[in-house]
Amino acid sequence: MTVSRREQVLSYAVLGAFAILALYPILSIVLLALHRRSDLVTGFAIPDHLSFDTFREAWNLGGFSSGLRNSLIVAAAVSLATAVLSTLAGYAFGTMRFRGSNALFYVLLIGLIFPYEATVIPLYYVFRDVGLTDSLWALILPQIGLSVPFGTFWMRAFFRSTPGALVEASRLDGASSFATLVRVLLPQAWPAITTMVVLVFMWTWNEFLLALVMIQSDSLRTAPLDLAIFAGTNRYSDPTLTAAAAVLVALPIVLVYVFLQRSFIRGMFAGSVKE
């Protein structure tokens, strides 16, 4: 019991230390945003008077409404398309055996290790030739291609961990492959799909380089691109405005995680126990 208690205390101490390291910069940015411009803030400081005027001013000056809307459209479209395509591909690779399946899967996994930064410039010229630059499609299509390899790998691991007796019993009852997926496996796969959607949504929302290269119109800029331009203008004149703008841009991701945290945590452990 003494050793077990020591291990438990040590585990909580390590987790607490890492939690502090992770939360300190977030809290410092939030507290800075709650200060007024006249306050002399040199580090982690709690404001004397809570004021949300900085958020209102940053919202009005930065025009983040269009950027947040564009980011929401892009992230939602990429997440939805990735969920559908990755679930179908993961189901095929995880439960079916066909000629060349292993080789095709490894070819697909190249998308996980290939640096997408090397493809941004060629993509720009390809999209320019077909007239897709300076549009949201120039952000949606490449990020679907970037997310599907990860999603397929994720869902394949889940489907391979499900009991094979479920699939065999469904097929013995005369169900087609698609019916087996929809009626038998999909209800169990929701936690894994939710976790994948949250991760893809977060990665897509934070994407900056692709938007910087593809987008020229102010009305089509995404929230991270708006934040970068706004921060470059106000970083030294008023750091509280920059902090408030950063909180506004990060807030949607926090809300998505808060609402889906139960499914996210269940999905992280999906497939960890295999019969």
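Further up the page is the structure itself.
For the structure given in this document, a descriptive report is provided here.

### Some words on the overall build of the protein chain
- Helix and strand counts for the protein chain stand at 12 helices and 0 strands.
- Taken from N to C terminus, the helices and strands of the protein chain fall in the order α-α-α-α-α-α-α-α-α-α-α-α.
- With 275 residues in all, the protein chain has 40% of them scored as buried.
- When the accessible area of the protein chain is evaluated, it comes to approximately 16,400 Å², of which 67% is carbon and sulfur surface.

### Topic: the side chain of S135
- Checked against the element boundaries, S135 lands in the loop between α6 (120-129) and α7 (137-161).
- On the basis of relative accessibility, which here comes to 17%, the residue S135 falls in the buried class.
- Those residues in contact with S135 that sit more than four places away from it in its chain are I215 and L220.

### Comments concerning the packing of aromatic side chains
- Evaluation of the coordinates by the stated rule reveals 12 aromatic pairs.
- Ring plane angle 35° and centroid distance 6.1 Å describe the contact between F52 and F55, whose orientation is recorded as tilted.
- For F52, a relative accessible area of 53% corresponds to the exposed category.
- Judged by relative accessible area, which is 13%, F55 ranks as buried.
- Ring-pair connections join several aromatic residues into one group, and the members of that group are F93, F98, F105, Y106 and F153.

### Here's the deal with helix α9 (residues 177-205)
- Across its 29 residues, α9 extends only 34 Å between first and last C-alpha, which sits more than 12% below the 42 Å expected from 1.5 Å per residue.
- At L186, α9 shows its largest bend, some 65°, and a proline, P187, comes one to four positions later.

### Side note on the nonpolar core
- With 33 residues, the main nonpolar core has L139, M155, F159, I193, M196 and M214 as its most contacted residues.
- For this core, the secondary structure elements donating two or more residues are α3 (64-95), α6, α7, α9 and α10 (209-214).
- With 10 residues, α7 is the single largest residue contributor to this core.
- Contact partners of I193, with chain neighbours within four places excluded, come to A83, T87, M155 and L186.
- Within the second largest apolar cluster, 21 residues are counted, among which are A58, L241, A245 and V249.

### Focus on the environment of A157
- As for its position among the elements, A157 is in helix α7.
- By relative accessible area, A157 is classed as partly exposed at 43%.
- Along the chain, A157 and F93 lie 64 residues apart, while their C-alpha atoms are 9.2 Å from each other.

### Brief notes about the environment of I253
- Tracing the sequence through the fold places I253 in helix α12 (residues 239-269).
- For I253, a relative accessible area of 16% gives the class buried.
- Setting aside anything within four residues of it in sequence, one finds I253 in contact with M202, W205 and N206.

### What to know about the pattern of salt bridges
- As enumerated under the stated definition, the model contains 3 salt bridges in all.
- Across the pair D53 and R56 runs a salt bridge, and its minimum N-O distance is 2.7 Å. On the criterion of helical spacing, the pair formed by D53 and R56 is a turn pair, its members being 3 residues apart in helix α2 (residues 53-62).
- Overall, R56 belongs to the exposed group, its relative accessible area being 51%.
- With a closest N to O distance of 2.8 Å, R221 and D226 form a salt bridge. Residue R221 shares its accessibility class with D226, and that shared class is buried.

### Quick look at the packing of α3 against α7
- The geometry of α3 relative to α7 is characterised by a closest axis approach of 6 Å and an angle of 40° between their N-to-C directions. α7 is crossed by α3, and the crossing has right-handed handedness.
- Looking at the contact of α3 with α7, its residues break down into 14 nonpolar, 10 polar and 2 charged.

Cut-off values and rules
Residues numbered from 1 in each chain as written. Predicted model: local features only at pLDDT ≥ 70, side-chain atom pairs only at ≥ 80, totals over all residues. Heavy atoms only, no water. Helix = DSSP H or I, 4+ residues; strand = E, 2+ residues; numbered from the N terminus. Buried < 20%, exposed > 50% of the residue type's maximum accessible area, 1.4 Å probe, protein only. Areas by Shrake-Rupley, 256 points an atom, 1.4 Å probe, with all protein chains shown as cover. Contact = heavy atoms within 4.5 Å. Phe/Tyr/Trp six-rings, centres within 6.5 Å; stacked < 30°, edge-to-face > 60°. Expected span 1.5 Å × (residues − 1). Bend = angle between axes of the 7 residues up to and from the residue. Core = buried A, V, L, I, M, F, W, Y, C linked by side-chain atoms within 4.5 Å. Salt bridge = Lys/Arg side-chain N within 4 Å of Asp/Glu carboxyl O. Axes fitted to C-alpha atoms, helices over the stretch in contact; angles between N-to-C directions. Left-handed = near helix turned anticlockwise from the far one by under 90°. Nonpolar A, V, L, I, M, F, W, Y, C, P; charged D, E, K, R; others polar.

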